[in-house]
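These are the residues of each chain, in order.
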Amino acid sequence: LGRLGPGGPLTEMVSEIRAAGDRASQLTRQLLAFGRKQVLTPVRLDLNDLLSGVASMLRRLIGEDISLHCVFDARSPTIYADRGQIEQVAINLALNARDAMPHGGRIIIATRDLEIDAARAAQLPGVTPGPHVAMIMSDTGHGMDEATSRRIFEPFFTTKGPGKGTGLGLAMVYGTVRQSGGFVEVDSAPGRGSTFTVVLPRDMGHV
């Protein structure tokens, strides 16, 4: 593209080739994340700071007819995770919420500390008891019935029309969170929106 220049006769064709490569790369990353084979680079992260940065970008992506509000825990919840992947988790959840509100609405992003006891951890493969941090994404969209809620993390499952979704966004969320030692819960019903709760281990001393 650099050699062709902006006005070259082949520029549009080469741009399409590059766009197809970008889409294939993103698809591969999502599949690897779902299969929990993605190579993660965890670092110590203040979840509030991370989500503040994501929120600034999301306000441009979700459109003017959807309001975005942040309600962060004042205790600065800290996690040990891959920054890019956790940002992508938040973005995917927000875009999913946007698509559930075609006529506008509200998204609320919240954080809070919570403790996972031994009994609860025993019900969640790969999760250990102890301090955790929750990222909660709520919307005022059309919501989902129970049958749909049970399937949303399946790869390639989507309720969107042809050409409007790959069915991999929430599968990627699930894979990344599970690989990071956490879990995801969803609470939804038709007509009352959806709430996704991403729970990750609290960082207890990485530097």
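Residues numbered from 1 in each chain as written. Predicted model: local features only at pLDDT ≥ 70, side-chain atom pairs only at ≥ 80, totals over all residues. Heavy atoms only, no water.

Draft legend 1. Quick peek at the pairing of strand β3 (residues 78-82). Counted residue by residue, β3 has 4 buried out of 5 residues, so it is predominantly covered. In this structure, strand β1 (residues 42-46) lies alongside β3, joined through 5 bridges in antiparallel fashion. When the bridges of β3 are listed, R44 appears paired with Y80. (Buried < 20%, exposed > 50% of the residue type's maximum accessible area, 1.4 Å probe, protein only. Helix = DSSP H or I, 4+ residues; strand = E, 2+ residues; numbered from the N terminus. Pairing = 2+ DSSP bridges.)

Draft legend 2. Expanded view of the packing of helix α2 (residues 47-61) against helix α3 (residues 83-99). Axis separation between α2 and α3 bottoms out at 10 Å; the angle between their running directions is 40 degrees. If you check the angle between α2 and α3, you find them oblique. In the crossing of α2 with α3, the sense of the turn from one axis to the other is right-handed. Residues L47, L50, L51, V54, M57, L58 and L61 of α2 pack against R83, I86, E87, A90, I91, A94, L95 and R98 of α3. The residue makeup of the contact of α2 with α3, split by class, is 12 nonpolar, no polar and 3 charged. (Axes fitted to C-alpha atoms, helices over the stretch in contact; angles between N-to-C directions. Parallel < 35°, antiparallel > 145°, perpendicular 65-115°, else oblique. Left-handed = near helix turned anticlockwise from the far one by under 90°. Contact = heavy atoms within 4.5 Å. Nonpolar A, V, L, I, M, F, W, Y, C, P; charged D, E, K, R; others polar.)

Draft legend 3. Spotlight on the pattern of salt bridges. This model, assessed by the stated rule, comprises 10 salt bridges. Its salt-bridge partner being D99, residue R98 comes within 3.2 Å of it at the nearest N-O pair. We classify D99 as partly exposed; its relative accessible area is 32%. Between D187 and R192 there is a salt bridge, and its shortest N-O distance comes to 3.2 Å. Look at D187 and you get partly exposed, because its relative accessible area is 42%. (Salt bridge = Lys/Arg side-chain N within 4 Å of Asp/Glu carboxyl O.)

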